[in-house]
Amino acid sequence: MTSSCGCGTCSEAVNEEFKSKAPDFDKVYALFDKKDYFNAKGLAKTQIGNFERALQRNDKGAQQILDKFKGDMDKAKEYIIQVISD
């Protein structure tokens, strides 16, 4: 199922994966990502800390993420890291 932006004039799906038409995009992105210019590791560490604190406060959203992985904290953290990376 795809959805458009809702403005009535767009025909492209919002949830389609971004594909750059520039041939060098992937090379440049890989260089920036390799050196962590986007600070993905720092953001992931922060979000994992937020997740752990939310669990201690019995936050329903955090508990849903943990439940999604049947209580496996390592898999839940891997999921958070993957979301940040994406």
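Residues numbered from 1 in each chain as written. Predicted model: local features only at pLDDT ≥ 70, side-chain atom pairs only at ≥ 80, totals over all residues. Heavy atoms only, no water.

Thoughts on the packing of aromatic side chains
Scanning the entire structure with this criterion turns up 1 aromatic pair. Plain terms: the ring middles of Phe69 and Tyr79 are 5.4 Å apart, the flat faces sit at 50 degrees to each other, and that makes the pair tilted. Of the two residues, Phe69 sits in the loop between helix H3 (60–68) and helix H4 (73–85) while Tyr79 sits in helix H4, which places them 10 residues apart along the sequence. On the basis of relative accessible area, Tyr79 is assigned to the partly exposed category, the value being 31%. (Phe/Tyr/Trp six-rings, centres within 6.5 Å; stacked < 30°, edge-to-face > 60°. Helix = DSSP H or I, 4+ residues; strand = E, 2+ residues; numbered from the N terminus. Buried < 20%, exposed > 50% of the residue type's maximum accessible area, 1.4 Å probe, protein only.)

Quick notes on the confidence of the model for the protein chain
Of the residues in the protein chain, 77% have a pLDDT of 70 or more, and the chain-wide mean is 79. Taken element by element, the predicted model of the protein chain shows its lowest mean pLDDT in helix H1 (residues 25–34) (78) and its highest in H3 (94). (pLDDT = per-residue confidence, 0-100.)

Focus: the nonpolar core
Listed in full, the 8 residues of the largest apolar core are Ile48, Phe51, Ala54, Leu55, Ala62, Leu66, Ala76 and Ile80. Residue assignment for this core shows that the elements contributing at least two residues are helix H2 (40–56), H3 and H4. By residue number, the principal contributor to this core is H2, which donates 4 residues. In this structure, Ala62 is in contact with Phe51, Ala54 and Leu55, ignoring residues within four places of it in sequence. (Core = buried A, V, L, I, M, F, W, Y, C linked by side-chain atoms within 4.5 Å. Contact = heavy atoms within 4.5 Å.)

Considerations on the pattern of salt bridges
In the structure shown here, the tally under the stated rule is 1 salt bridge. Across the pair Glu52 and Lys77 runs a salt bridge whose closest N-O atoms are separated by 2.8 Å. Separated by 25 residues along the polypeptide, Glu52 in helix H2 and Lys77 in helix H4 bring together distant segments of the chain. Judged by its relative accessible area of 30%, Glu52 falls in the partly exposed class. (Salt bridge = Lys/Arg side-chain N within 4 Å of Asp/Glu carboxyl O.)

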